[in-house]
Amino acid sequence: MSVEPSTIESTEAARPAAGALARVVPLARGLSAKLILLTIVFVLLAEVLIFLPSIADYRMRWLRERLNTAAAVSVVLIEGDPGALSRTAQDDLLMALGAKAIAVRDGDASRLLAVAAMPPKVDEHVDMANTGMFAQLSGALETLFAGGDRTLRIFGPVGEQGREFELIMPDYRLRAAMLSFSRNIALIGLLISVFSAMLVYVAVDRIMIRPVRTMTRSMLAFSEAPDDPTRIVCPATRADEIGVAERELAQMQARLQKMLAEQRHLADLGLAVSKINHDMRNILASAQLLSDRLLQVKDASVQAFAPKLLKALDRAVSYTEGVLAYGRAQEAPPARRMLRLRQLVDEVHGLLDMGDGIEFENGVDAGFEVDADSEQLFRVLTNLSRNAVQAMAADTEGSVVRQLAISAERMGGVSQILVTDTGPGLPPKARENLFLAFRGSARSGGTGLGLAIAHELVRAHGGKLELLESIGGRTVFSVSIPDQPVSLDRARRGLRRSA
């Protein structure tokens, strides 16, 4: 009864407005667009890592081809007469190879086979037989980003005759070939990236994004009408994380729907009780006025029960006045004083409808005192005792012992009150939902409010209400109430007065 209907409606009305900006996700910021973009970036990054050794290998193969061609021409010139080769023929040969000079080293002898205009300097010496991976990478990057006007000397053995051939050439043709190779690699890499992104998108979209989108739509639809059972997501029979998430979401939505229904029921009940409260209070007030006249009757039996009737009516009036405060979860704080518990238990017994065959035992010592609010402790013991009497009254077997006993003991600064009955015990459902209104009732048709109210009142005293035992033939509830702490100044004043 702690939730007002207007509060629920205003909360539900404000919730969609607060999340209106996030209900529709633009395509550019959706998971699909992010997935495609990230896939393209990652594949391109992988292509860059593959490109570096590829371009270095391409450079070495290009230079190896030129050196092999120069070696083949050199073998022909060595076998014939190199001096017979005219200048025009040498220029044509070197132009075809893109070189400035061709030389061969055979043992200790070195011969220049063809030469054009010699460059003033050589910028890089490339040993085709002894160039490591890092040297190949650095040479390829240098040619690609700083080449075009540099001169290279390429040398290395060709064939099995032990001859070493040399080739001096500019690198502009090599750089042009490397740029063309790089463009092709970049284009192929981009196509592979897009194709891979599309494949990954299709796969992930079917496996993850579609189920996540379904859950998102379900949550949005459920937030619009949480009381509609058709808005609960239908989980798929998947064994992966998505399946677990869908099943947990469905269970959470079902629990939330049940909780909202209970809260709405409590709010409606609180509204109904508040409407009834006014009329009932007037009726009880009239009954008080009529019962006052009973005190004027000289009959001894009437004089015996009239004070009890008046006290019961006074309590009923105070309960009706406190209904609205309880409905707003504003139970008055306990006005604690030292009470003689045995007398309070006798008052509880006097208002119980014990029925036939149910015995009552007041096992509290006459001098036992408890620090508590008399009215609130009376309500706690009344609720516990009435539940016990109703449980035992439902058992119609004549030979069964039916007894309700209230006892108490002190453990240091804590007073423990035990309410024991010989009823059938609490069913499992009542034990699981103990002290929960409308869920912890031990009998069919009960509301469970008695235990819920008793639990709240005991907690207001800083104490604890718990079920110690519940089996067939014995149920024990324990009410533990600690004494109020005494301030140091108050204790000192007491000591001064006693001195």
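Bear in mind that the values here come from a model prediction, so they are computed numbers and not experimental data. (Residues numbered from 1 in each chain as written. Predicted model: local features only at pLDDT ≥ 70, side-chain atom pairs only at ≥ 80, totals over all residues. Heavy atoms only, no water.)

**A short note on the overall build of the protein chain**
Each helix and strand counted, the protein chain has 13 helices and twelve strands in total. When the 499 residues of the protein chain are sorted by exposure, 35% land in the buried category. Taking the contacts inside the protein chain whose residues are at least 6 apart along the sequence as the reference set, 68% of them involve residues at least 24 apart. With an accessible surface of roughly 29,300 Å², the protein chain has 59% of that area assigned to carbon and sulfur atoms. (Helix = DSSP H or I, 4+ residues; strand = E, 2+ residues; numbered from the N terminus. Buried < 20%, exposed > 50% of the residue type's maximum accessible area, 1.4 Å probe, protein only. Contact = heavy atoms within 4.5 Å. Areas by Shrake-Rupley, 256 points an atom, 1.4 Å probe, with all protein chains shown as cover.)

**Quick look at the pattern of salt bridges**
By the definition in use, this model includes 13 salt bridges. Among the ionic pairs, Arg150 bridges to Glu142, the shortest N-O distance being 3.3 Å. Each of Arg59, Glu124, Glu142, Arg150 and Asp171 takes part in a single network of salt bridges with overlapping partners. (Salt bridge = Lys/Arg side-chain N within 4 Å of Asp/Glu carboxyl O.)

**Side note on helix H12 (residues 449-460)**
An ideal rise of 1.5 Å per residue puts 16 Å on twelve residues; H12 measures up with 16 Å between its terminal C-alpha atoms. Listed in full, the buried residues belonging to H12 are Gly450, Leu451, Ala452, Ile453, Ala454, Leu457 and Val458. Looking one or two places after H12, you find Gly462, whose phi comes out positive at around 80°. (Expected span 1.5 Å × (residues − 1).)

**Quick look at the sheet that holds strand S1 (residues 101-106)**
Consider a sheet: its strands pair through backbone hydrogen bonds, and that pairing is either parallel or antiparallel. Read across the open sheet, the five strands follow the order S2-S1-S5-S4-S3; overall the sheet is mixed. If you trace the sheet from one side to the other, it starts and ends with strand S2 (109-115) and strand S3 (124-127), each paired once. Within the sheet, the average angular offset between the axes of one strand and its neighbour, ignoring direction, is 20°. As defined by bridge partners, S1 adjoins S2 across six bridges and the pair is classed as antiparallel. (Pairing = 2+ DSSP bridges. Axes fitted to C-alpha atoms, helices over the stretch in contact; angles between N-to-C directions.)

**Details of the packing of helix H10 (residues 374-393) against H12**
Orientation of H10 relative to H12, taken along the N-to-C sense of each, is 150°, at an axis distance of 9 Å. Here H12 runs roughly antiparallel to H10, going by the angle between their axes. Crossing angle aside, the handedness with which H10 passes H12 is left-handed. Along the contact surface, H10 presents Gln376, Arg379, Val380, Asn383, Leu384 and Asn387, while H12 presents Gly450, Leu451, Ile453, Ala454, Leu457 and Val458. Grouping the amino acids of the contact of H10 with H12 by side-chain chemistry returns seven nonpolar, four polar and one charged. (Parallel < 35°, antiparallel > 145°, perpendicular 65-115°, else oblique. Left-handed = near helix turned anticlockwise from the far one by under 90°. Nonpolar A, V, L, I, M, F, W, Y, C, P; charged D, E, K, R; others polar.)

**Regarding the side chain of Gln416**
Its location among the elements puts Gln416 in strand S10 (residues 414-421). Among residues more than four places away in sequence, those in contact with Gln416 are Ser407, Ala408, Glu409, Met411, Leu468, Ser478, Val479 and Ser480.

**Points about the packing of helix H4 (residues 133-146) against helix H5 (residues 172-224)**
Close contact between H4 and H5 brings their axes to 9 Å; oriented N to C, the two are set at 95°. As judged from the angle between their axes, H4 and H5 are roughly perpendicular. Every residue of H5 that contacts H4 at Ala140, Thr143 and Leu144 is listed here: Leu174, Arg175, Met178, Leu179 and Ser182. A per-class count over the contact of H4 with H5 returns five nonpolar, two polar and one charged.

**Topic: the pairing of strand S12 (residues 474-482)**
Burial runs high along S12: seven of the nine residues are buried. Note: S10 against S12, eight bridges, orientation antiparallel. Bridge assignment links Thr420 to a residue of S12, and that residue is Val476. Pairing of strand S11 (residues 464-471) with S12, which is carried by seven bridges, proceeds in the antiparallel orientation. Paired with Glu469 across the bridge in S12 is Val476. Between S11 and the antiparallel strand that follows it, S12, lie two residues; Gly473 among them carries a positive phi value of about 100°.

**Digging into the sheet that holds strand S9 (residues 403-411)**
Across the sheet, five strands lie side by side as S7-S9-S10-S12-S11; this open sheet has mixed pairing. Two strands in the sheet have a free side with no partner beyond their single neighbour: strand S7 (359-362) and S11. This sheet shows a mean twist of 15° between the axes of neighbouring strands, independent of strand direction. Of the pairings in the sheet, the one linking S9 to S10 comprises eight bridges and is antiparallel in character. Its bridge partner being in S10, Ala405 is matched across the sheet by Thr420. Lying over the sheet, H12 contacts S11 and S12, oriented at roughly 135° with respect to S11.

**Regarding the environment of Pro120**
The topology assignment puts Pro120 in the loop between S2 and S3. Pro120 gets classed as exposed once you look at its relative accessible area, which sits at 86%. Each C-alpha atom, one on Pro120 and one on Thr151, is 9.3 Å from the other, the two residues being 31 residues apart in sequence.

**Concerning the confidence of the model for the protein chain**
For the protein chain, mean pLDDT is 77; residues scoring 70 or higher make up 76% of the total. The model gives residues 1-22 a pLDDT under 50, and that stretch makes 21 contacts with residues more than four places away or in other chains. (pLDDT = per-residue confidence, 0-100.)

**What to know about the side chain of Thr420**
Within the secondary structure, Thr420 sits in strand S10. Thr420 gets classed as buried once you look at its relative accessible area, which sits at 18%. Those residues in contact with Thr420 that sit more than four places away from it in its chain are Gln403, Leu404, Ala405, Arg474, Thr475 and Val476.

**Focus: the nonpolar core**
As a rule of thumb, soluble globular proteins bury nonpolar side chains together. Counting 39 residues, the largest nonpolar core has Leu341 and Leu377 as the members making the most contacts within it. Mapped onto this core, the elements with two or more residues apiece are helix H9 (341-350), strand S8 (369-372), H10, S9, S10, H12 and S12. The element contributing the most residues to this core is H10, with eight residues. Not counting residues within four places of it along the chain, the set of residues in contact with Leu341 comprises Val364, Phe368, Val370, Leu377, Leu381, Ala408 and Ile417. Formed by 33 residues, the second largest nonpolar core is a distinct cluster that contains Ala56, Leu113, Leu144 and Phe181. (Core = buried A, V, L, I, M, F, W, Y, C linked by side-chain atoms within 4.5 Å.)

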